[in-house]
Amino acid sequence: QVQLVESGGGLVQPGGSLRLSCAASGRIFSISAMGWYRQAPGKQRDLVTLITVGGSTNYADSVKGRFTISRDNAKNTVYLQMNSLKPEDTAVYYCYADIKTSARGTYYTYWGQGTQVTVSS
C-alpha cells in the first residue's frame, strides 16, 4: 500500500557529487520523519541523516558539512545532496519514512529498495 522509490545512485569519483531522491506513494495519511541509512559490505546499516516534518535535521558526524538532506512535503519526497564524496561513502543507501496510513493509525517505518553509491577513481 505504501512504496518508497529511490533514484540517483551511481559511480562517482572522489570529490564528486550525487543527489539521491526518494518518493513515497500509496495510501499515505501523514509522514513524520524521513531519512537515509547506508550499509557498506560486511557492515551494519547506519543512520546517515534524518529530517522531521518541521525541517529539523540530524547528521552522522562522518557526513556533516558534506551531505544535505531536504524534503518536499507536497511531493512526499526526501532528497540527499552528497558533496565532496569519499571512497568510504561507498555503500547501499536506503531511504526510510515514518508513515501513518489513516487518521487513527500509528506511524510505521517504510523502506526504499536501496541504491548503490560507489565512490572510486
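Going by the structure above, here's the rest.
Everything quoted here is computed from the prediction, not taken from an experiment. (Residues numbered from 1 in each chain as written. Predicted model: local features only at pLDDT ≥ 70, side-chain atom pairs only at ≥ 80, totals over all residues. Heavy atoms only, no water.)

Time to look at the overall build of the protein chain. Assigned secondary structure in the protein chain consists of zero helices and eleven strands. Along the protein chain, from the amino end to the carboxyl end, the secondary structure elements read β-β-β-β-β-β-β-β-β-β-β. Expected size for 121 residues packed as a compact globule is a radius of gyration near 14 Å; at 14 Å, the protein chain falls within 12% of this value. Taking the principal axes of the C-alpha coordinates as reference, the protein chain spans close to 50 × 25 × 25 Å. In the protein chain, the share of contacts with a sequence separation of at least 24, taken over all contacts with a separation of at least 6, comes to 57%. (Helix = DSSP H or I, 4+ residues; strand = E, 2+ residues; numbered from the N terminus. Rg over C-alpha atoms; globule rule 2.2 N^0.38 Å. Contact = heavy atoms within 4.5 Å.)

Every regular strand shows the same layout, with side chains that alternate between the two sheet faces. Residue alternation in strand E7 (residues 67-72) divides its side chains into a buried set, Phe67, Ile69 and Arg71, and an unburied set, Thr68, Ser70 and Asp72. Between the end of E7 and the start of strand E8 (residues 77-82), which pair antiparallel, lie four residues, with Asn76 showing a positive phi angle near 55 degrees. (Buried < 20%, exposed > 50% of the residue type's maximum accessible area, 1.4 Å probe, protein only. Pairing = 2+ DSSP bridges.)

What follows is about the packing of aromatic side chains. Tallying each qualifying case throughout the model produces four aromatic pairs. Relative to Trp111, the ring of Tyr37 has its centre 5.2 Å away and its plane inclined at 65 degrees; by these criteria the two rings are edge-to-face. In this pair, Tyr37 sits in strand E4 (residues 30-39) while Trp111 sits in strand E10 (residues 108-111), placing the two residues 74 residues apart along the sequence. Owing to a relative accessible area of 37%, Trp111 belongs among the partly exposed residues under this scheme. (Phe/Tyr/Trp six-rings, centres within 6.5 Å; stacked < 30°, edge-to-face > 60°.)

Reported here for the largest pocket is a volume of approximately 190 Å³. If you trace the largest pocket, you find 14 residues lining it, with Arg38, Ala40, Lys43, Asp46 and Glu88 closest to the centre. Of all elements in the fold, only E4 and strand E5 (46-51) reach the threshold of two or more residues within the lining of the largest pocket. For the lining of the largest pocket, the element with the most residues is E5, which contributes three residues. Along the lines of polarity and charge, the residues of the lining of the largest pocket split into six nonpolar, four polar and four charged. (1 Å grid on protein atoms, 1.4 Å probe; cavity = no way out; pocket = protein on both sides within 12 Å on 5 of 7 lines; lining within 4 Å. Points joined across faces, edges and corners; volume = space filled by probe spheres on them. Nonpolar A, V, L, I, M, F, W, Y, C, P; charged D, E, K, R; others polar.)

A full pass over the atoms with the stated rule returns three salt bridges. Here Lys64 ties to Asp61 by a salt bridge, and the two come within 3.1 Å at their closest N and O atoms. Residue classification places Asp61 among the exposed residues on the basis of a relative accessible area of 66%. A salt bridge links Asp89 to Arg66; its shortest N-O distance comes to 2.7 Å. Residue Asp89 is located in the loop between E8 and strand E9 (91-100), and its partner Arg66 is located in the loop between strand E6 (57-59) and E7; the two are separated by 23 residues in the primary sequence. Just as Asp89 is buried, Arg66 falls in that class too. (Salt bridge = Lys/Arg side-chain N within 4 Å of Asp/Glu carboxyl O.)

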